[in-house]
Amino acid sequence: MIRKAKPSNIDKIITITRTCAAYMISQNIYQWNEHYPNVLAFENDLARGELYVLLDSASENLMGCITISTLKDSEYDEIDWLTVDGSNYYIHRLAIHPDFQHQGYAKKLMDFAEDFVKNKKASSIRLDTFSLNTRNQQFYKHRGYQQLGSIFFPKQSDAPFYCYELVL
């Protein structure tokens, strides 16, 4: 089950993202760390009504999250996007607890996000993923996203993040 997050979900979301960060670091993927994602980012997502959670339908255990946003981060300004700015959505902070990874749950969240954005009649979906996370890169390419350029988040890593866009 996927629904909008509630304030009471923030602590569990932080636990999931920190567990994901530790899991990625154990695989030499330094995508997330103690600086990001953080409580403030999720509180802002929640306040804008853009944070969604994936729950186990039987137990209502929180398994993952995704942010589906209309806000364009300034880091994206230098990217030569395929569509004109204005009618775009941005995916951020997609996370599935490592206990539930490789079971199709990230696909479910992305299916939900893509259907949501299509229903809003947006022109595209944009996102970024870490250049050293080849699994994520393949995941997005398989879904039809086109890699367009690189950006940097110095507090996260010295390596770049690749930007992708799916034209709808």
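Refer to the structure printed above.
Keep in mind the model is a prediction, meaning the values are calculated, not measured. (Residues numbered from 1 in each chain as written. Predicted model: local features only at pLDDT ≥ 70, side-chain atom pairs only at ≥ 80, totals over all residues. Heavy atoms only, no water.)

(A) How the structure looks around the state of the cysteines. Enumeration over the complete set of coordinates arrives at zero disulfides. Free cysteine C163: the closest other cysteine sulfur is in C65, separated by 20 Å. (Disulfide = S-S within 2.5 Å.)

(B) Up close: the nonpolar core. If you look at the biggest cluster of nonpolar residues, it comprises 29 residues, and the most contacted ones within it are I13, W32, F42, L51, V53, C65 and I151. Here this core gets seven residues from one element, more than from any other, and that element is helix α1 (residues 10-26). If we skip the residues at most four places from it in the chain, I151 touches E75, Y76, I79, D128, P160, F161 and C163. Judged by nonpolar contacts, the second largest core, of 21 residues, contains I66, I91, L109 and A122. (Core = buried A, V, L, I, M, F, W, Y, C linked by side-chain atoms within 4.5 Å. Buried < 20%, exposed > 50% of the residue type's maximum accessible area, 1.4 Å probe, protein only. Helix = DSSP H or I, 4+ residues; strand = E, 2+ residues; numbered from the N terminus. Contact = heavy atoms within 4.5 Å.)

(C) Main features of the pairing of strand β4 (residues 88-96). Counting buried positions over the nine residues of β4 gives nine, a clear majority of the element. Pairing of strand β3 (residues 62-69) with β4, which is carried by five bridges, proceeds in the antiparallel orientation. Bridge pairing in β4 places I68 opposite I91. Bridge count between β4 and strand β5 (residues 124-130): four bridges; the pairing is parallel. The residue bridging Y90 from the neighbouring strand is R126, located in β5. Handedness of the crossover is the feature at issue here: the chain leaves β4, passes through helix α3 (residues 105-119), returns alongside β5, and the resulting connection is right-handed. (Pairing = 2+ DSSP bridges. Right-handed = clockwise from strand over helix to strand, strands pointing away.)

(D) Spotlight on the sheet that holds strand β7 (residues 161-167). An order of β1-β2-β3-β4-β5-β7-β6 is seen for the seven strands of this open sheet, with the pairing classed as mixed. Where the open sheet ends on each side, the last strands, each with one partner, are β1 (2-4) and β6 (146-151). For this sheet, the mean angle separating the axes of adjacent strands, direction not counted, is 30 degrees. The pairing of β5 with β7 spans seven bridges and is classified as antiparallel. For D128, the partnering residue across the bridge sits in β7 and is C163. Together, β4, β5, β6 and β7 form the strand contacts of helix α4 (residues 134-142), whose direction differs from that of β5 by roughly 160 degrees. (Axes fitted to C-alpha atoms, helices over the stretch in contact; angles between N-to-C directions.)

(E) Expanded view of the side chain of R93. One can find R93 in strand β4. Engagement of the side chain of R93 in a polar contact is seen with the side chain of Y36, the distance being 2.7 Å. Residues in contact with R93, not counting those within four places in the same chain, are W32, Y36, P37, A41, F42, D45, C65, I66 and T67. (Polar contact = N/O pair within 3.5 Å; in protein donor to acceptor, adjacent residues only side chain to side chain.)

(F) Region of interest: the environment of G49. You can see G49 is positioned in the loop between α2 (39-47) and β2 (51-55). For G49 and I68, which are 19 residues apart along the polypeptide, the C-alpha to C-alpha distance reads 8.9 Å.

(G) Main features of the pairing of β2. Where burial is concerned, most of β2 is hidden: five out of the five residues are buried. The sheet contact formed by β1 and β2 spans three bridges and is antiparallel. Looking across to β2, one finds that I2 is bridged to L54. Here five bridges tie β2 to β3, and the two strands are oriented antiparallel to one another. Bridge pairing links L51 to T67 in β3. Count of turn residues in the β2/β3 antiparallel hairpin: six residues, of which E60 carries a positive phi of about 60 degrees.

From the geometry alone we can't say anything about function, so treat these as descriptive.
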